[in-house]
Amino acid sequence: KAGVTQTPRYLIKTRGQQVTLSCSPISGHRSVSWYQQTPGQGLQFLFEYFSETQRNKGNFPGRFSGRQFSNSRSEMNVSTLELGDSALYLCASSETGENQPQHFGDGTRLSIL
Amino acid sequence: DQQVKQNSPSLSVQEGRISILNCDYTNSMFDYFLWYKKYPAEGPTFLISISSIKDKNEDGRFTVFLNKSAKHLSLHIVPSQPGDSAVYFCAASTSNSGGSNYKLTFGKGTLLTVNP
């Protein structure tokens, strides 16, 4: 079974731009979560989607948004990029999300210049 | 407010010996706990989980112990192998109805080095 696939693996942007990251979950998994990993804050929850609906959102500004498509694939968007948005963005999937292991992709490394 | 804490940033053990990684939590609503392993340039890999109705779960060389009264869990790796060298993350979630069960709260990780 293929794992969680994230594209692109690396991205370089400048301040003020916007970016869209993509995630394809494991086949059959309907819950997709996004996390941000930075050296100072560790792994922090961004949001979770199930059947195209956002069920939970972390403590991030409105510049961070996401969506999920009918095939469970998900995208996250960050607008008006700031230097502090430089991070590894990780996507994880599980069958339904409730009390189940989440399986992670290898992430997108976003660098803001 | 860090709800999941891994107080040891690093741990070094000899091959063949036991590795014990510790994790403490403050949120008494947490009832599902997981351990992940992460190599550089890769995403976290799920290792083992435990529900709060249990106090021990075992899978091969990996055993997780949960002490609810102390709000403490630990991961035991026996025997440790050089390939186990990685950063280990403890994570927790809650099954309350507020939607928090879809969110994992992570500790900041412990770097395990297993020396040959």
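Because the structure is a prediction, the values reported are computed rather than measured.

A. Representation of the overall build of chain B. When you go through chain B residue by residue, the secondary structure sums to zero helices and eleven strands. Counting from the amino terminus, chain B carries its helices and strands in the arrangement β-β-β-β-β-β-β-β-β-β-β. What you see for chain B is a C-alpha radius of gyration of 14 Å, in line with the 13 Å of a compact globule of 116 residues. Taken along its principal axes, the extent of the C-alpha atoms in chain B is 45 × 30 × 20 Å. Counting only residues that meet the buried cut, chain B has 46% of its 116 residues in that class. Partitioning the contacts of chain B with sequence separation of at least 6, the portion at a separation of at least 24 is 55%. For chain B, the accessible area works out to roughly 5,400 Å², and carbon and sulfur atoms hold 48% of it.

B. Here's a closer look at the packing of aromatic side chains. Taken as a whole and judged by the stated rule, the model has 13 aromatic pairs over all chains. Seen from their ring centres, F60 of chain A and F64 of chain A are 5.2 Å apart, and the 65° between their planes marks the pair as edge-to-face. The pair F60 of chain A / F64 of chain A is uniform in exposure class, with both members buried. Ring centres of Y36 of chain B and F46 of chain B lie 5.9 Å apart, and the angle between their planes is 70°; on these two criteria the pair is classed as edge-to-face. With Y36 of chain B in strand β4 (residues 32–38) and F46 of chain B in strand β5 (residues 45–51), this residue pair connects regions lying ten residues apart in the sequence. Under the relative-accessibility criterion, F46 of chain B is labelled partly exposed at 23%. Pairwise contacts between aromatic rings join Y35, F45 and F104 of chain A together with Y36, F46, F89 and F106 of chain B into one cluster.

C. A look at the sheet that holds strand β8 (residues 72–77) of chain B. Residue and element names in this part refer to chain B. The antiparallel open sheet is built from five strands, whose spatial order is β1-β3-β8-β7-β6. Each having just a single partner strand, β1 (4–5) and β6 (56–59) make up the two edges of the open sheet. As paired strands, strand β7 (residues 62–67) and β8 are joined by six bridges and run antiparallel to one another. Residue pairing for β8: L66 is matched across the bridge by L73.

D. Inspection of the pairing of strand β3 (residues 19–25) of chain B at higher detail. Residue and element names in this part refer to chain B. What you see with β3 is a clean split: S19, L21, C23 and Y25 sit on the buried side and I20, N22 and D24 on the side with no burial. Across six bridges, the pairing between β3 and β8 is antiparallel. Bridging from a neighbouring strand, N22 pairs with S74 of β8.

Criteria and cut-off values
- Residue numbers restart at each chain and count upward from 1, following the sequence in its written direction.
- Chain A is the first chain written and ligand 1 is the first ligand written, with later ones labelled in order.
- At least 70 in pLDDT is required for a residue's local features to be given in this predicted model, at least 80 for side-chain atom pairs to be given and counted, and no such filter applies to totals for whole chains, interfaces and linings, which use all residues.
- Calculated side-chain values reflect all of the structure's heavy atoms, with hydrogen atoms and water omitted.
- Where helices and strands are cited, they refer to DSSP runs of H or I of at least four residues and of E of at least two residues respectively, numbered from the N terminus.
- The reference for a compact globule is 2.2 Å times residues^0.38; the radius of gyration itself is calculated from the C-alpha atoms.
- Accessible area is worked out with a 1.4 Å probe on protein chains only. A residue is then buried under 20% of its type maximum, exposed over 50%, and partly exposed in between.
- It only takes one pair of heavy atoms within 4.5 Å for two residues to be counted as in contact.
- Note on areas: Shrake-Rupley, 1.4 Å probe, and residue coverage restricted to the protein chains presented here.
- Here is the rule: rings of Phe, Tyr and Trp (six-membered ring for Trp) pair when centre to centre is within 6.5 Å. Planes less than 30 degrees apart are stacked, more than 60 are edge-to-face, and the remainder are tilted.
- Think of it this way: DSSP has to see at least two bridges between two strands before they count as a pair.

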